[in-house]
Amino acid sequence: MPLKIGDKSFSTSKPDDLDGQLLASAGCNAGEMAGMLAGAPLASTVAQAARPFLGKDAPDVPALADAIDRAGIEQVRRDVLALYSSPAAAPASVSAPKDHANG
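Residues numbered from 1 in each chain as written. Predicted model: local features only at pLDDT ≥ 70, side-chain atom pairs only at ≥ 80, totals over all residues. Heavy atoms only, no water.

Undergrad: I would appreciate a short explanation of helix H3 (residues 43-50) in the present structure.
TA: Each turn of an α-helix holds 3.6 residues, which means side chains three or four residues apart point in the same direction. Within H3, six of the eight residues are buried, which leaves it mostly tucked inside the rest of the structure. Within H3, burial applies to Ala43, Thr45, Val46, Ala47, Ala49 and Ala50. In this structure, the buried side of H3 is in contact with strand S1 (3-5), helix H2 (30-38), helix H4 (61-71) and helix H5 (73-85). (Buried < 20%, exposed > 50% of the residue type's maximum accessible area, 1.4 Å probe, protein only. Helix = DSSP H or I, 4+ residues; strand = E, 2+ residues; numbered from the N terminus. Contact = heavy atoms within 4.5 Å.)

What follows is the structure, given as structure tokens:
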């Protein structure tokens, strides 16, 4: 899915090490970033969330944040959140431990 920011369109792909990239750049994992995107994030947060999905030739986070701010954050936020909502980016679910005393 391409990501459109203003009049520019960027191709996207899900990195194999999304959590690692986010931990290094933003200090959180993909699930936490998706939670921030679901709220009312700043353009810089949306840019940090988008950057791992973009190619090496895409702008850096400050330039992306500026472009997102000028383009209008809401549509870009929704598009970036959709990248996190795809099954491959969703955090693994954790099952509750079975209560062996009650069967």
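Undergrad: Sorry if this is basic, but what is going on with the packing of H2 against H3 here?
TA: Helices that pack against each other are described as a pair by the angle of their axes relative to one another and the distance between those axes. With their axes 10 Å apart at the nearest point, H2 and H3 run at an angle of 145° to one another. Taken as a pair, H2 and H3 cross one another with a handedness that is left-handed. Judged by residue contacts, Met33, Met36 and Leu37 of H2 engage Thr45, Val46, Gln48 and Ala49 from H3. Tallied by class, the residues present in the contact of H2 with H3 amount to five nonpolar, two polar and no charged. (Axes fitted to C-alpha atoms, helices over the stretch in contact; angles between N-to-C directions. Left-handed = near helix turned anticlockwise from the far one by under 90°. Nonpolar A, V, L, I, M, F, W, Y, C, P; charged D, E, K, R; others polar.)

Undergrad: Is there a simple way to explain the nonpolar core in this structure?
TA: In globular proteins that are soluble, nonpolar side chains generally tend to be buried together. Of all hydrophobic cores here, the largest spans 26 residues; its most connected members are Leu37, Val80 and Tyr84. Of all elements in the fold, only S1, helix H1 (18-25), H2, H3, H4 and H5 reach the threshold of two or more residues within this core. In this view, Leu37 contacts Val46, Ala49, Arg77, Val80, Leu81 and Tyr84; residues no more than four positions away in its chain are not counted. (Core = buried A, V, L, I, M, F, W, Y, C linked by side-chain atoms within 4.5 Å.)

Undergrad: Looking at this model, I keep getting lost on the environment of Met33. Mind explaining?
TA: When you line up the elements, Met33 lands in helix H2. Residue classification places Met33 among the buried residues on the basis of a relative accessible area of 0%.

Undergrad: Explain the packing of H3 against H5 to me, please; I cannot follow it from the model alone.
TA: The contact between H3 and H5 brings their axes to 10 Å, and the two run at 30°. As H3 runs across H5, the sense of the crossing is left-handed. Residues Ala43, Val46, Ala49 and Ala50 of H3 lie in contact with H5, whose contacting residues are Ile73, Val76, Arg77, Val80 and Tyr84. Considering only residue class, the contact of H3 with H5 consists of eight nonpolar, no polar and one charged.

Read these as spatial facts, not as claims about activity.
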